[in-house]
Amino acid sequence: MTEPTITTTCGYCGVGCRLEAHPRDGAIASISPALDGPANLGHTCLKGRFAHRFARHRERLTAPLIRDGRGGPARAAGWDEAVERIVAELGRIRAAHGPDAIAGLASSRATNEDCYAMQRMMRAVIGTNNIDNCSRVCHSPTSFALRKALGLSGATGSFADFDHAGATILIGANPTEGHPVVGARIKQATLRGMRLVTIDPRRIELADYGVLHLAPRPGANAAVMLGIAHVLERDGFVDREFVSARTEGFDALLELLPSYTPEAVEAISGVPAADLERAAHIYGAAENACISWGLGVTEHKYGSEVVQLICDVALMTGKIGRPGSALLPLRGQNNVQGSSDMGALPDTYTAYRSVADEQVARSFEAAWGVPLSRTKGYTIPQMFDAAVAGELKAMYIFGEDVAQTDPNTAHVVHALESLDFLVCQDIFETETTKYADVILPASSFLEKSGTFTNAERRVQLVAPALDPPGEARTDFEIIKVVSAALGHELPWSTPADAMDEIAALTPDWAGISHARLGRHGLQWPVAPDGTDAPILYEREFAREGGRAHFAALPYKAPGDAADEEFPLILVTGRRLQHYNAGTMTRRTGNVELVDADVLEIHPDDAARLWISDGDRISVRSRVGRIELPAHVTDRIERGHVFTTFHFPETRTNLLVGASADVNTSCPEYKVVAVDVRPIGEQPARVPALA
Amino acid sequence: MSELTVTVDGTTVAVPAGATALDAARAAGRWVPTLCFDARQAPFGACRACLVGVEGAANPLPACTTRCREGMAIDTEDPAARRVAHAVVELVLSELPRAPAPDTELAQVAQRLGVGAPRWPGETHAPADPDVRHPYLAFQHELCISCGRCVRACDELQGTFALTATGRGFHANVAAGLDEGFRASACVACGACADTCPTDAITEVSLLP
């Protein structure tokens, strides 16, 4: 007997591939690509297609767990007991310390409806704006910068723009590993003649398909973008008509540019002046061109400023708002765009409308029937600081392993240990659940309905192919149950009802309903009649007055730098076979392909340090130390090393300090000064020869 | 985009300029058998299963590579074309050591064309254990019909160029890298080859019989 095929949206990266899931006897037999998926066009990668076995892994949480004493073992409990415990503890803490002593995290792997429910619960029943999501630690700088420069927090176009572009600059992203289906699409575009410029400290795979690769020092992106802007202006590539008709603030940028000659930028970034000029000419000369970026741009002390400079480059050449000319940030997780769109942020309701905006706040008060706080809540790093300071007493962490993925792990663990009460809602036990008092067994994307929003702002349906295992429930159900028990009924029977409320309260989502999304989804903003927006800003920008804004921001040095004690710069990233903290992919056949994090190091550095390929080595930063095997490769430049954080036994993020983006507190994962040496060698350095 | 008007089995359909006879037939809701065709890839025109009659043409033409002209009349059930398609599929099947699984494209095309057990009991590919050196992707080389879809999927959809057509004539087959298996090759396990394969010569390890 064949069971029906379920068309759904992939729960791995932000590409948003449409998948056909083929269930058989309560498990997934196979997954194939939907031929009509607008983002994947009948393609997938090994994560979406093959890495689904985690959903029926024996380590899935199948019953609520309660820990009676800190550090003690967790015992299985019924839902009633678990929920009663949550209600009693949160009630006690709220009464003793006020609503702002409690904070929640929504999950960027969960649906829009889950995240909307979570932020409504935190705001309406706890009474706090202490709600955030993991976009804080990845693309919050992109969101901040795009809103400031252009108006809306999303890509200005679609992946289809790569197919129409004559050239593309790809900076700080490695799509063939992190976003493989987009990586394949960019490859095909280069094979058809698109001129690709890659900018990354590592020689990523796509560099071999491009016409030019620039390898700046980590933290020098601002100088590179300013240098490109300098050459574009100097050599006559400015679209004067566009600049005067549709933008403001160009003169301030012009005043800044003379100091960023290719030679000056070479001194800062290490990128040869001639290469920088060539990159600018390739971009400027193309009739249509895209710029795409990832966490290599954002996860820096000045990440949000670099995104604004990227906007400057597109604006000064008028390459925005038409097919083939787009700004395309590659969002990390499947719904990191949506979780932020849904207002799971400490300062905004849905569609990035401020909690301090009286009119917006009143519309939510009217709909929810409760008074709401006008005060911004804590961001994720602020939550941990407040927990250590004793001001934050309880957290409700939904689908995020902060103890593995957030920077400065020792501080995060200290914060979790300092809490009076921690609830985790997840599908597996994680590094974070070790500190939880109550663990609620939740659902994977293969077990739920709702919507994800991909990196093109495309809202797509998610449909269940399996039931949650054992006593596990969907996240939507769990949040409904907990919210009701806390005293605030969420008045929806299905996620589709929640979407109707989102649409009613959010002008940019007004035309969205599950029925209307169909097989291909819709790209917000969606008008009440259902017209969506594959391309933004065709006629005007979404800022007051309709003009885009140029940022005139100078290059500033990153938060960390190599010195005598820590002579190498560590950059972290991802591998094709694994996804983020690896909770899902480590429980699939993907571990047969890659089973450990390794440190990539250049052959010259390796030789100098007496390190051979495969040696176990020690990596020490100013805040922590880890051990892992070395991989000697010339993909990485001299002076830099690279690793991933897919395996909890490595705990890479112990190395990352507290330095963060100045505007959004997105951590500086991409510049960490480290000392690397073979294990067993004394930490004291050999004295320099006279 | 300008449109052309063609007729398929007497029904008039409008198709965009550049459309093929296969596009027109599908737009008209008519079935044309195909083996080497995948809409995600550039038309290949190798298998000759998709032959159709075209008014004014001396012989049947491959629908997947024949571009529509204004006023073209296409006959998807042209007797000569169908005879050839039947023979093509029967010859392909005659090389296999066992019938392909019923859910494969080859089995379904054969069934719809009414091709039964091949009448030519000559040599068949030697059955072998599946190559399962990769955690997800398996070869069953004896089921390969050399349609080239896997190689083109790897090139045109994924861009990894890990697969190669090998051998000649009866010995034509497919290999990953230098015939070292998927795992040791440049393969990134996107699965596009398994997805397009019409016989399960490349399939998922977990779906092996």
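The rules behind each value
- Residues numbered from 1 in each chain as written.
- Chains lettered and ligands numbered in written order.
- Predicted model: local features only at pLDDT ≥ 70, side-chain atom pairs only at ≥ 80, totals over all residues.
- Helix = DSSP H or I, 4+ residues; strand = E, 2+ residues; numbered from the N terminus.
- Rg over C-alpha atoms; globule rule 2.2 N^0.38 Å.
- Buried ≥ 20, exposed ≤ 12 C-beta atoms within 10 Å, placed from the backbone.
- Contact = placed C-beta atoms within 7 Å.
- Domains from an automatic or database assignment.
- Nonpolar A, V, L, I, M, F, W, Y, C, P; charged D, E, K, R; others polar.
- Arc of directions from axis to C-beta.

### As for the overall build of chain B
In terms of regular secondary structure, chain B is built from five helices and nine strands. Going from the N terminus to the C terminus, chain B shows its helices and strands as β-β-α-β-β-β-α-α-β-α-β-β-α-β. Scaling as 2.2 N^0.38, a compact globule of 209 residues should have a C-alpha radius of gyration of about 17 Å, and chain B matches this with 18 Å. Across the 209 residues of chain B, 46% fall into the buried class. Considering only contacts in chain B between residues 6 or more positions apart, those separated by 24 or more positions represent 59%.

### What to know about the overall build of chain A
If you tally the helices and strands in chain A, you get 24 helices and 28 strands. A compact globule built from 690 residues should have a C-alpha radius of gyration of about 26 Å, and chain A, at 24 Å, falls within 12% of that. Over its C-alpha atoms, taken along the principal directions, chain A stretches across nearly 65 × 65 × 55 Å. The buried share among the 690 residues of chain A stands at 62%.

### Focus on the domain arrangement of chain A
All names here are of chain A. When the domains of chain A are assigned, the result is domain 1 (6-56), domain 2 (65-138 + 335-523), domain 3 (140-329) and domain 4 (568-678). In this structure, domain 1 and domain 4 have C-alpha centres spaced 29 Å apart. Tallying the contact residues gives seven residues for domain 1 and eight residues for domain 4. Taken together, the residues of the side of domain 1 that touches domain 4 break down into five nonpolar, no polar and two charged.

### Let's talk about the interface of chain B and chain A
Taken together, the contact between chain B and chain A spans 14 residues of the former and 20 residues of the latter. The residue inventory of the side of chain B that touches chain A, partitioned by class, reads eight nonpolar, three polar and three charged.

### Focus on helix α21 (residues 495-505) of chain A
All names here are of chain A. P495, A498, M499, I502 and L505 are the residues of α21 that are buried. All buried residues of α21 lie within an arc of 130 degrees about the axis, which places them on one face of the element. Where α21 is buried, its residues contact α3 (112-126), α16 (358-368), β19 (450-453), α20 (475-486) and α22 (514-517).

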